[in-house]
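Below are the chains, spelled out letter by letter.
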Amino acid sequence: MREEERLLSGVLFCPGDQELRRIKLRAHNLCTQYNRTFEDEAETRQRIVGELFGSLGEGSFFQGPIFIHYGVHTSIGVRFFGNFNLTIQDDAPVSIGDDCNFGPNVTIVTPLHPMLPEERRCLHGSDGSEKRMCWARPVRIGANCWFGANVVVCPGVTVGEGCVIGAGSVVTRDIPANSFAAGNPCRVIRPITGQDSLRFRPELWGDNSLQW
């Protein structure tokens with residue numbers, strides 16, 4: 001079994017494998033190219049992220065800089081917005097739904113490492129050779145989610161559609177759809193309902209209006 005097949009199947013794999021290093025190097029170089037562009041170089045930026053991700057929906061925007069580990073293991077829906085310093089360590093697949101908005105410094109991680117130091121230093125592959133190994137769990141984020149600044153999403157987590165995750169949260173377990181959740185570890189504070197509509201905040205309107 002190839003190391004990428006091990007990675008995607010959720011069993012121990014060696015991140016130092018040459019094939020995996022080639023995939024990561026390609027992604028890291030594309031990120032470096034993106035991070036060297038100016039914000040108004042829209043066509044160049046769009047070309048780079050189109051090459052970087054496994055799939056990317058129309059109308060998506062990345063403020064930059066971006067830091068993506070594999071890229072090809074991440075799929076992103078339409079009209080995504082990622083603010084400064086988006087980091088996705090997509091050893092396992094990462095799926096982000098349509099119309100998601102991420103604040104600055106959002107981090108998504110999928111790999112896990114042994115708890116015992118001797119196992120972090122050395123395990124044995126199928127051929128008996130000594131290797132450093134880890135494993136990974138997918139992250140799934142539903143459509144229409146808003147993540148505040150400095151949110152960290154941990155391996156294996158699913159965030160349901162329509163969620164708001166408060167700034168600084170560390171999401172270690174699944175969050176049900178249409179929830180406001182926050183904290184470290186992140187927990188559900190309450191459901192999001194019609195009472196959260198801006199129509200109940202007239203002091204914010206100025207000369208604007210709500211039409212939907």
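We now turn to the structure provided with this report. This structure is a prediction, so every number in the text was calculated from the model and none was measured.

Now for the sheet that holds strand E14 (residues 139–141). The strand order across the open sheet formed by five strands is E1-E4-E7-E14-E17, and the pairing between neighbours is parallel. Every other strand in the sheet has two partners, leaving strand E1 (55–56) and strand E17 (158–159) as the edge strands with one partner each. Alignment of strand E7 (residues 94–96) against E14, held across three bridges, turns out to be parallel. When the sheet's bridge partners are listed, Ile-96 is paired in E14 with Ile-141.

This part takes up unusual backbone geometry. Glycine aside, a negative phi is what most residues show, and trans is what most peptide bonds show. Geometrically, the link from Gly-64 to Pro-65 is a cis peptide bond, its omega value of 0° lying close to zero. Its place among the elements puts Pro-65 in the loop between strand E2 (61–62) and strand E3 (66–68). Phi at Asn-85 is positive, roughly 65°, even though this residue is not glycine. With respect to the helices and strands, Asn-85 occurs in the loop between strand E5 (81–82) and strand E6 (86–89).

Take helix H2 (residues 18–35) next. Within an α-helix, residues lying three or four positions from one another point in the same direction, as the helix has 3.6 residues per turn. Its 18 residues give H2 an end-to-end C-alpha distance of 25 Å, which sits within 8% of 26 Å, the value for a rise of 1.5 Å per residue. Of all the positions in H2, only Leu-20, Ile-23, Lys-24, Ala-27, Leu-30, Cys-31 and Tyr-34 are classed as buried. Along the long axis of H2, the arc covered by the buried residues comes to 125°, so they all point the same way. Packing partners of the buried residues in H2 comprise helix H1 (3–9), helix H3 (42–52), E2 and E3. The opening residue of H2, the one whose side-chain oxygen lies 3.0 Å from the backbone nitrogen of Glu-19, is Asp-17.

For H3, the set of buried residues is Arg-45, Ile-48, Val-49 and Leu-52. For H3, the buried positions fall inside an angular range of 90° around the axis, keeping them on one side. Buried residues along H3 sit in contact with H2, E1, E2 and E3.

Tracing the backbone through its elements, the reader meets Glu-118 in helix H4 (residues 117–121). When its relative accessible area of 42% is taken as the criterion, Glu-118 is described as partly exposed. Residues Glu-118 and Asp-90, spaced 28 residues apart in sequence, show a C-alpha to C-alpha distance of 25 Å.

What follows concerns the packing of aromatic side chains. Scanning the model with the defined rule gives five aromatic pairs in all. An angle of 15° between the planes, with centres 5.4 Å apart, marks the rings of Phe-53 and Phe-62 as stacked. For the pair formed by Phe-53 and Phe-62, the shared burial category is buried. Their ring planes at 5° and their centres at 4.6 Å tell us that Phe-102 and Phe-147 sit as a pair that is stacked. Of this pair, Phe-102 sits in strand E8 (residues 101–102) while Phe-147 is found in strand E15 (residues 146–147), placing the two residues 45 residues apart along the sequence. Take Phe-102 and Phe-147: they sit in the same class, and that class is buried. Ring pairs connect the aromatic residues Phe-53, Phe-62, Phe-80, Phe-102 and Phe-147, which therefore count as one cluster.

Calculation notes
- Residues numbered from 1 in each chain as written.
- Predicted model: local features only at pLDDT ≥ 70, side-chain atom pairs only at ≥ 80, totals over all residues.
- Heavy atoms only, no water.
- Pairing = 2+ DSSP bridges.
- Helix = DSSP H or I, 4+ residues; strand = E, 2+ residues; numbered from the N terminus.
- Expected span 1.5 Å × (residues − 1).
- Buried < 20%, exposed > 50% of the residue type's maximum accessible area, 1.4 Å probe, protein only.
- Arc of directions from axis to C-beta.
- Contact = heavy atoms within 4.5 Å.
- Polar contact = N/O pair within 3.5 Å; in protein donor to acceptor, adjacent residues only side chain to side chain.
- Phe/Tyr/Trp six-rings, centres within 6.5 Å; stacked < 30°, edge-to-face > 60°.

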